[in-house]
Amino acid sequence: MGPQAAGTPYNAFAPNGNQPVLTVVSVNNVPVSPTPLGNFTAPDVTFNAAAAVPVVIQGTNIPAGTAVSLQIYSETGADIIMANAGALAGAADPTSLTVPVTFPPGFSRGYISATFTPTPGTSAKTSAVANKK
């Protein structure tokens, strides 16, 4: 399953039409496909590391300073839940964040999300959620 997005109220996005997108662009310097499959037999990213590796997250139409949540669910090890993995940074789109993560051995599936208030003039909060496997 590829990227997903949701917003409130009623799954509506900012009125300027620029949908927020949150994406994992690389894990351990290995690029992630723009259309990840999350397949158990053919993982989207494969690497071998016992120590923390960089997970690079990119936000498009998401303001700098927005906190990102990262969840890693493992097939064989302990799950990792980072309610605040860090904040997106950058002066212009896209914003980005690099999070060091020590993955458990075996297959893991990751989810990222961010919640923020859209540009002035709108009152609804918007969430961008991506399902990266």
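The structure contained in this document is the topic of the report that follows. (Residues numbered from 1 in each chain as written. Predicted model: local features only at pLDDT ≥ 70, side-chain atom pairs only at ≥ 80, totals over all residues. Heavy atoms only, no water.)

**A look at the layout of surface pockets**
When its volume is computed, the largest pocket comes out at roughly 540 Å³. Together, 25 residues line the largest pocket, and Val-27, Val-45, Phe-47, Phe-103 and Ser-108 are the ones closest to its centre. Counting residues per element, the ones that place at least two in the lining of the largest pocket are strand 2 (21–27), strand 5 (67–74) and strand 8 (108–116). Element by element, the count of residues in the lining of the largest pocket is highest for strand 8, at five residues. (1 Å grid on protein atoms, 1.4 Å probe; cavity = no way out; pocket = protein on both sides within 12 Å on 5 of 7 lines; lining within 4 Å. Points joined across faces, edges and corners; volume = space filled by probe spheres on them. Helix = DSSP H or I, 4+ residues; strand = E, 2+ residues; numbered from the N terminus.)

**Some details on the pairing of strand 6 (residues 80–87)**
Relative to strand 6, strand 5 is paired through five bridges, and the arrangement is antiparallel. Within the sheet, the bridge partner assigned to Gln-71 lies in strand 6 and is Ile-81. Turn length for the strand 5-strand 6 hairpin, with the two strands adjacent in sequence and antiparallel, is five residues. (Pairing = 2+ DSSP bridges.)

**Some remarks on the packing of aromatic side chains**
Given two aromatic rings, their pairing is described by the distance between the two centres and the angle made by the two planes. Counted according to the given criterion, the structure contains two aromatic pairs. An angle of 75° between the planes, with centres 5.4 Å apart, marks the rings of Phe-47 and Phe-103 as edge-to-face. With Phe-47 in the loop between strand 3 (30–31) and strand 4 (53–60) and Phe-103 in the loop between strand 7 (95–101) and strand 8, this pair connects stretches of sequence that are 56 residues apart. Arranged with centres 5.8 Å apart and planes meeting at 65°, the rings of Tyr-73 and Tyr-111 form a pair that is edge-to-face. Here Tyr-73, found in strand 5, pairs with Tyr-111, found in strand 8; they are 38 residues apart in sequence, far enough to count as distant. Judged by its relative accessible area of 28%, Tyr-111 is partly exposed. (Phe/Tyr/Trp six-rings, centres within 6.5 Å; stacked < 30°, edge-to-face > 60°. Buried < 20%, exposed > 50% of the residue type's maximum accessible area, 1.4 Å probe, protein only.)

None of this, on its own, says anything about what the molecule does.
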